Amino acid sequence: DARLSDVTITGAKLASQGAPGTVDATFDSAEGAHFVVHSAVDVAGDAAAGHFAVTNLPLAKLRPYYEGVLAIDVRRGVLDLGADFSAGAPGRFTMARGSAAIADLDVAIRGEREPLWRMASVNGSATLSGISSTPARSVTCSSTRPGTPASPSRYGSRTMPSRRGC
């Protein structure tokens, strides 16, 4: 159940022929996240391109999307994410020149009481480019450029490995 507030959607010069028009949208979620998108929409070409940003997105609320593939429990944390995007038919979606930041993160192995990783904030960001998705729901990433890495906390005698790339 998603509850949105302060919803604003504006469109200009949208037509089935001619130059692309624009669509801008903003809204807030009941959990405190703020979403903004600015885009050029080519109705005739079934395409859109622009920039999106989400701030203060609570990561714990995303559990239904990751629980089937990751054996972790994100107990707390917020995500700020933004990128340029391009979308078109049939189902093509790409992102470039993106950035992400995570704050107040608390992650555990599912079923464990002790945290696997706690982090007040990321002291940098990762720049993503060439993220794309196809109708078959595959995702590819052509490159990442890590920012300043965060230091993972110890979990028993193990530490979380540093990962680079996609």
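Residues numbered from 1 in each chain as written. Predicted model: local features only at pLDDT ≥ 70, side-chain atom pairs only at ≥ 80, totals over all residues. Heavy atoms only, no water.

A. The pairing of strand E5 (residues 72-88), seen in detail. Sheet analysis places strand E4 (residues 47-58) next to E5, joined by 10 bridges and oriented antiparallel. Pairing of Leu 57 across the sheet is with Leu 79, part of E5. Here 14 bridges tie E5 to strand E6 (residues 92-109), and the two strands are oriented antiparallel to one another. For Leu 81, the partnering residue across the bridge sits in E6 and is Ala 100. Linking two consecutive strands that pair antiparallel, namely E5 and E6, is a turn of three residues; a positive phi of about 75 degrees is found at Gly 91 within it. (Pairing = 2+ DSSP bridges. Helix = DSSP H or I, 4+ residues; strand = E, 2+ residues; numbered from the N terminus.)

B. Highlighting the nonpolar core. Grouped together as the largest cluster of nonpolar side chains are 11 residues: Ala 33, Val 54, Leu 57, Leu 59, Tyr 66, Val 74, Leu 79, Leu 105, Val 107, Trp 117 and Met 119. Elements represented by at least two residues in this core include exactly E4, E5, E6 and strand E7 (117-121). Membership of the second largest hydrophobic core comes to six residues, among which are Val 41, Ala 83, Phe 85 and Met 95. (Core = buried A, V, L, I, M, F, W, Y, C linked by side-chain atoms within 4.5 Å. Buried < 20%, exposed > 50% of the residue type's maximum accessible area, 1.4 Å probe, protein only.)

C. Layout of a nonpolar patch on the surface. Together, Leu 4, Val 7 and Ile 9 make up a nonpolar patch on the protein surface, roughly 300 Å² of accessible area in all. By the element assignment, Leu 4 lies in strand E1 (residues 4-12). (Patch = residues over 30% accessible without salt bridge, like charges linked within 9 Å, V, L, I, M, F, W, Y side chains within 5 Å. Areas by Shrake-Rupley, 256 points an atom, 1.4 Å probe, with all protein chains shown as cover. Salt bridge = Lys/Arg side-chain N within 4 Å of Asp/Glu carboxyl O.)

D. Highlighting the pattern of salt bridges. Counting across every chain of the model gives seven salt bridges. Measuring nitrogen to oxygen at the nearest pair gives 2.9 Å for the salt bridge that ties Arg 76 to Asp 104. Placement of the pair is Arg 76 in strand E5 and Asp 104 in strand E6, with a sequence separation of 28 residues. Of the charged contacts, one joins Arg 97 and Asp 84 as a salt bridge, the two residues approaching to 3.0 Å between their closest N and O atoms. Taken together, the residues span a long stretch of sequence, with Arg 97 in strand E6 and Asp 84 in strand E5 at a distance of 13 residues. Residue class for Arg 97 comes out exposed when judged on its relative accessible area of 62%. Shared partners join several salt bridges into a network, and the residues in it are Arg 76, Asp 104, Asp 106 and Arg 118.

E. Molecular detail of the pairing of strand E2 (residues 21-29). Both E1 and E2 contribute to a ladder of seven bridges, which runs antiparallel. Paired with Ser 5 across the bridge in E2 is Asp 28. The pairing of E2 with strand E3 (residues 34-42) spans eight bridges and is classified as antiparallel. Looking at the pairing, Asp 28 lines up with His 34 of E3. Here E2 hands over to E3 after four residues, with Gly 32 in that stretch at a positive phi of 105 degrees.

F. Region of the structure containing the environment of Ser 99. Examined against the element boundaries, Ser 99 turns out to sit in strand E6. Here the alpha-carbon distance between Ser 99 and Gly 82, two residues 17 residues apart in the chain, equals 5.5 Å.

G. Main features of the packing of aromatic side chains. Applying the stated criterion across every chain yields a total of two aromatic pairs. Summarising the aromatic geometry, the rings of Phe 27 and Phe 35 are spaced 4.6 Å apart at their centres and angled 20 degrees between planes, so their arrangement reads as stacked. In this structure Phe 27 comes out as partly exposed when scored by relative accessible area, which is 25%. With centroids separated by 6.3 Å and ring planes inclined at 15 degrees, the aromatic side chains of Phe 85 and Phe 93 adopt a geometry described as stacked. Residue classification places Phe 85 among the buried positions, given a relative accessible area of 13%. (Phe/Tyr/Trp six-rings, centres within 6.5 Å; stacked < 30°, edge-to-face > 60°.)

H. Expanded view of the environment of Val 37. By the element assignment, Val 37 lies in strand E3. Assessed through its relative accessible area of 24%, Val 37 is described here as partly exposed. For Val 37 and Ala 53, which are 16 residues apart along the polypeptide, the C-alpha to C-alpha distance reads 6.5 Å. For Val 37, the contacting residues outside a window of four places in its chain are Val 23, Asp 24, Ala 25, His 51, Phe 52 and Phe 85. (Contact = heavy atoms within 4.5 Å.)

Taken by themselves, the reported measurements are silent on function.
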